[in-house]
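# A look at the structure
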Amino acid sequence: MAAANNNNNNRSDHHDSDENTRLYNPYQNFEVPIKSQYLYKLPTSPEYLFTEESLKQRRSWGENLTFYTGIAYLGGSVAGAAVGVFSGVKNFESGDTTKLKINRILNSSGHTGRTWGNRVGIIGLMYAGIESGVVAAMDRDDVWTSVVAGLGTGAVFRAARGVRSAAVAGALGGLAAGAVVAGKQVVKRYVPI
């Protein structure tokens, strides 16, 4: 009974305390009556060493580089493997055995998956680098930063094919990055997660 009263007291103290902290009782599993003065107030949000770090709510350039490159490589590999499966099935010959058909599918999906994964991974790497550079130069992270990074990524990716191709790819990259960021904002606003 005393433990139940103690828990009720802890709950009421928790609600009276600051929203950014939570009460921690190191003796809660030992059925020991502890006064509320011996409870610790622990923060519920991450702690930062410097106040400047707490003001910036974004990933570092290294985290962005790893995240965008990894996600792009994974997405490209999966999409390429799916295209490779259809290509392998399309290349079946009438006298193929089941083992040979499976081998064609695996070889085609593996080759196409690697190729697409590398290409899209490079796009993710360029996007992360350009976005981090723009954020460092402008000292802000908003929709326009992503649009500029997409524009630059498309232009750099197709720069070897000429000015017209680079301009078209840059425009498509900017539109795609803007659409992704706008879609992310819509999902954040209307989808309860």
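Quick note: structure is the one above.
Here we summarise the structure given alongside this text. (Residues numbered from 1 in each chain as written. Predicted model: local features only at pLDDT ≥ 70, side-chain atom pairs only at ≥ 80, totals over all residues. Heavy atoms only, no water.)

## Here's the deal with the pattern of salt bridges
Enumeration over the complete set of coordinates arrives at three salt bridges. Among the salt bridges present, the one from Glu93 reaches Arg104, with a minimum N-O distance of 3.7 Å. Of this pair, Glu93 sits in the loop between α3 (61–90) and α4 (98–138) while Arg104 sits in helix α4; the two residues are 11 residues apart in sequence, bridging distant segments of the chain. The partly exposed category is assigned to Arg104, whose relative accessible area is 26%. The network of salt bridges with shared partners includes Glu93, Asp96 and Arg104. (Salt bridge = Lys/Arg side-chain N within 4 Å of Asp/Glu carboxyl O. Helix = DSSP H or I, 4+ residues; strand = E, 2+ residues; numbered from the N terminus. Buried < 20%, exposed > 50% of the residue type's maximum accessible area, 1.4 Å probe, protein only.)

## Side note on helix α5 (residues 143–157)
Given 3.6 residues to a turn, an α-helix orients residues that are three or four positions apart in the same direction. The terminal C-alpha atoms of α5, which comprises 15 residues, lie 21 Å apart, in line with the 21 Å expected from a rise of 1.5 Å per residue. Here α5 has its buried residues at Thr145, Ser146, Val147, Ala149, Gly150, Gly152, Thr153 and Gly154. The inward-facing, buried residues of α5 abut α4 and α6 (163–190). (Expected span 1.5 Å × (residues − 1). Contact = heavy atoms within 4.5 Å.)

## Brief notes about the layout of surface pockets
For the largest pocket, the calculated volume is near 1200 Å³. Counting residues per element, the ones that place at least two in the lining of the largest pocket are α3, α4, α5 and α6. Among the elements that make up the lining of the largest pocket, the one with the highest residue count is α6 (10 residues). Partitioning the lining of the largest pocket into residue classes produces 18 nonpolar, 11 polar and nine charged. (1 Å grid on protein atoms, 1.4 Å probe; cavity = no way out; pocket = protein on both sides within 12 Å on 5 of 7 lines; lining within 4 Å. Points joined across faces, edges and corners; volume = space filled by probe spheres on them. Nonpolar A, V, L, I, M, F, W, Y, C, P; charged D, E, K, R; others polar.)

## Concerning a nonpolar patch on the surface
A cluster of nonpolar side chains, Val186, Val187, Tyr190, Val191 and Ile193, forms an exposed patch at the surface whose accessible area comes to about 560 Å². Inspection of the secondary structure puts Val186 in helix α6. (Patch = residues over 30% accessible without salt bridge, like charges linked within 9 Å, V, L, I, M, F, W, Y side chains within 5 Å. Areas by Shrake-Rupley, 256 points an atom, 1.4 Å probe, with all protein chains shown as cover.)

## Topic: the packing of α4 against α5
For the pair α4 and α5, interaxial distance at closest approach is 8 Å and the crossing angle is 135°. It follows that α4 is oblique to α5 by the angle criterion. For the pair α4 and α5, the sense of crossing is right-handed. Two secondary-structure elements touch here, α4 through Arg119, Ile123, Met126, Tyr127, Ile130, Glu131, Val134 and Val135 and α5 through Thr145, Ser146, Val148, Ala149, Gly150, Gly152, Thr153, Val156 and Phe157. Here the residues of the contact of α4 with α5 are counted per class, giving 10 nonpolar, five polar and two charged. (Axes fitted to C-alpha atoms, helices over the stretch in contact; angles between N-to-C directions. Parallel < 35°, antiparallel > 145°, perpendicular 65-115°, else oblique. Left-handed = near helix turned anticlockwise from the far one by under 90°.)

## A few points about α6
Across its 28 residues, α6 extends 40 Å between first and last C-alpha, which sits within 8% of the 40 Å expected from 1.5 Å per residue. The inward-facing, buried residues of α6 contact α4 and α5.

## A short note on the packing of aromatic side chains
Considering all chains together, one arrives at two aromatic pairs under this definition. Residues Tyr68 and Tyr127 carry aromatic rings whose centres are separated by 5.2 Å and whose planes lie at 85° to one another, so their mutual orientation is edge-to-face. Here Tyr68, found in helix α3, pairs with Tyr127, found in helix α4; they are 59 residues apart in sequence, far enough to count as distant. We classify Tyr127 as buried; its relative accessible area is 15%. Following the ring pairs from residue to residue traces out a cluster consisting of Phe67, Tyr68 and Tyr127. (Phe/Tyr/Trp six-rings, centres within 6.5 Å; stacked < 30°, edge-to-face > 60°.)

From the geometry alone we can't say anything about function, so treat these as descriptive.
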